[in-house]
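# Fold and geometry: a report
The lines below spell out each chain.
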Amino acid sequence: MTNERSDKEQSVEMHGGEAAVIGLPRSTSLEGAGGLWSRLRPVYEGLIHTSLLICASISVLVTVGIVIVLLYESIKFFYDVPVIEFLTGTQWTPLLKPQHFGILPLLCGTMLVAGGSALVAVPIGLGTAIYLSEYASPLFRDIVKPLLEILAGIPSVVYGYLAIVFVSPIIREIFPSAGVFNAASACVVVGIMILPMIISLSEDVLQSVPISLRAAASALGANKFEVTVRVVLPAAMSGIIASFLLAVSRAIGETMAVTLAAGATPKLTLNPLESIQTMTAYIVQVSLGDTPAGTIEYRTIFAVGLALFLTTMTMNLIAQYILSRVGERYE
């Protein structure tokens, strides 16, 4: 005997994990739920859109705020110091008498450390990326790559301490004329710091090269080394160069390791065995609190910060342009 269910019953019966509304046809229940979702969906999507817009706006506002502060204080600085003197002067002694405000010694020190660290990191990083992409087994790659990226999580002050107690004594033993604080030790530790960026980005670019190119070269009789050097590397060269530029930008902006390893002697020199000072190291020196706010000495940190900002922004724009060209190549 089959029991008829009344259309007025309001209980809910579970069947295999699904809820059916008693007393209503199944199609009516689904239509009601669909109608409720269609009414709530614009509100739900509007909340998501608003949340994402707020996140994007915060990022843009922070960047705009940084630029405004740098420009505002730098303009005050350039009221007292001509721009030509700032850009072309070869002496930087704003905290001593007589004062000189030529940024070239700081710029030279920054580029010396960035170039030296690139000489250390680029060959090692590119060689490691090629091995992980072309020669290593998937298991070895999955184990080693995360271990290499741990280097990116080590605080920079630890690298600076490593430069003082380990790298610098070795350099002084090889080159007795080197000082306790020298640019060479800073180049070594900063090169180690930017290795994870070069390895990770370069390996990803090499992996993105289509397998058809490798197969075609192998079908023509090329061995593994020839495929890597003559096919894979040229195809990924734009992305590899972009990874180098991003890593150099990271080296330009490094602060604590360079401050501890390279010293605080602004000097227009290309000798890596001498003590130098970078733009970031000078900002740290003045920001310790001994310089009164509002003075010309205090405003030098904003002028130097603006120069550093423009330098790193230029490097990043070049890297992004190269990456966009890589994307167009493989679309």
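A quick note: this is a predicted structure, and the numbers were derived from the prediction, not measured.

### Description of the overall build of the protein chain
When helices and strands are counted, the protein chain shows eleven helices and two strands. The secondary structure elements of the protein chain, listed N-terminal to C-terminal, are β-β-α-α-α-α-α-α-α-α-α-α-α. Within the protein chain, buried positions represent 37% of all 331 residues. Within the protein chain, contacts between residues at least 6 apart in sequence are counted, and of these 68% link residues at least 24 apart. In the form shown here, the protein chain has an accessible surface area of approximately 18,900 Å², with 68% of it arising from carbon and sulfur atoms.

### Comments concerning the side chain of Ser133
Following the sequence through the fold, Ser133 ends up in helix H3 (residues 104-135). On the basis of relative accessibility, which here comes to 9%, the residue Ser133 falls in the buried class. Once residues within four sequence positions are removed from consideration, Ser133 is found in contact with Arg141, Glu203, Leu206, Gln207 and Arg214.

### Regarding the packing of helix H6 (residues 183-207) against helix H8 (residues 224-252)
Contact pair H6 / H8: the axes reach a minimum separation of 9 Å and the direction vectors enclose 150°. When the axis of H6 is compared with that of H8, the two are roughly antiparallel. You can see that H6 and H8 cross each other, and the crossing is right-handed. Of the residues in H8, those in contact with Val190, Met193, Ile194, Met197, Ile198, Leu201, Ser202, Val205 and Leu206 of H6 are Val232, Leu233, Ala236, Gly239, Ile240, Ser243, Phe244, Leu246, Ala247, Arg250 and Ala251. For the contact of H6 with H8, a count of residues per class yields 16 nonpolar, three polar and one charged.

### Looking at the packing of helix H4 (residues 138-149) against H6
Angle between the axes and distance between the axes are the two parameters that describe a pair of packed helices. Direction vectors running N to C along H4 and H6 enclose 145°, while the axes themselves pass 9 Å from each other. Note on packing geometry: the crossing formed by H4 with H6 is left-handed. Facing H4, whose interface residues are Arg141, Lys145, Leu148 and Glu149, H6 presents Pro196, Ile199, Ser200, Glu203, Asp204 and Gln207.

### A word on the UniProt feature "transmembrane region" (unreviewed entry) in the protein chain
Mapped onto this numbering, the UniProt entry annotates "transmembrane region" (unreviewed entry) at residues 47-72, 103-126, 147-171, 183-206, 227-248 and 301-323. In residues 147-171, helix accounts for 76% and strand for 0%; the two terminal C-alpha atoms are 27 Å from one another. As a span, residues 227-248 carries 100% helix and 0% strand, and end to end its C-alpha atoms are 28 Å apart.

Reading the values: rules and limits
Residues numbered from 1 in each chain as written. Predicted model: local features only at pLDDT ≥ 70, side-chain atom pairs only at ≥ 80, totals over all residues. Heavy atoms only, no water. Helix = DSSP H or I, 4+ residues; strand = E, 2+ residues; numbered from the N terminus. Buried < 20%, exposed > 50% of the residue type's maximum accessible area, 1.4 Å probe, protein only. Contact = heavy atoms within 4.5 Å. Areas by Shrake-Rupley, 256 points an atom, 1.4 Å probe, with all protein chains shown as cover. Axes fitted to C-alpha atoms, helices over the stretch in contact; angles between N-to-C directions. Parallel < 35°, antiparallel > 145°, perpendicular 65-115°, else oblique. Left-handed = near helix turned anticlockwise from the far one by under 90°. Nonpolar A, V, L, I, M, F, W, Y, C, P; charged D, E, K, R; others polar. UniProt positions renumbered as here; feature names shortened; annotations may be inferred.

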